[in-house]
Amino acid sequence: MEIKTESKNLAFWFHLFITIMAWIGPFLVDWRVMVACYCIIWLQFRVFNRCLLNKAHGLHGGDNATFYSFLFEEIGYRPDRARLKKVVRGWLYLALAAVAVAWQVGLGMKPLWF
């Protein structure tokens, strides 16, 4: 995967923040906001066939590279990139949307922030 050393710029940190929020968001933010965000993320994969933030910090999608694969490889784990890309761009954000709805609507838990 090609990553420039200067690529950990504001776009990288913003992308990391968004990725972390995608995972903890169902517990912090109202499910309607989270579902809308997950749909936007999922739609960008369908419409553009890539994550729009990757290019902003020098991550190129060749060889099935994703932001997730980059993060895993940074900590020394070598995932199957093709399989990881299929999960991330396929059902991951739909599953996270289901978690948000199940947690807040199904279990009646209130989001911690708004």
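Use the structure listed above.
Residues numbered from 1 in each chain as written. Predicted model: local features only at pLDDT ≥ 70, side-chain atom pairs only at ≥ 80, totals over all residues. Heavy atoms only, no water.

(A) Representation of the layout of surface pockets in the model. What the largest pocket holds in volume is close to 380 Å³. Taken together, 23 residues line the largest pocket, and the ones lying closest to its centre are Ile18, Thr19, Ala22, Ile41 and Tyr93. Where the lining of the largest pocket is concerned, the elements lending two or more residues are α1 (10–28), α2 (31–48), α3 (67–74) and α4 (81–106). For the lining of the largest pocket, the element with the most residues is α2, which contributes seven residues. (1 Å grid on protein atoms, 1.4 Å probe; cavity = no way out; pocket = protein on both sides within 12 Å on 5 of 7 lines; lining within 4 Å. Points joined across faces, edges and corners; volume = space filled by probe spheres on them. Helix = DSSP H or I, 4+ residues; strand = E, 2+ residues; numbered from the N terminus.)

(B) Focus on the side chain of Asn54. Summarising the element assignment, Asn54 is placed in the loop between α2 and α3. By relative accessible area, which is 5% here, Asn54 ends up buried. Excluding anything up to four places from it in sequence, Asn54 contacts His15, Leu59, Phe67 and Arg89. (Buried < 20%, exposed > 50% of the residue type's maximum accessible area, 1.4 Å probe, protein only. Contact = heavy atoms within 4.5 Å.)

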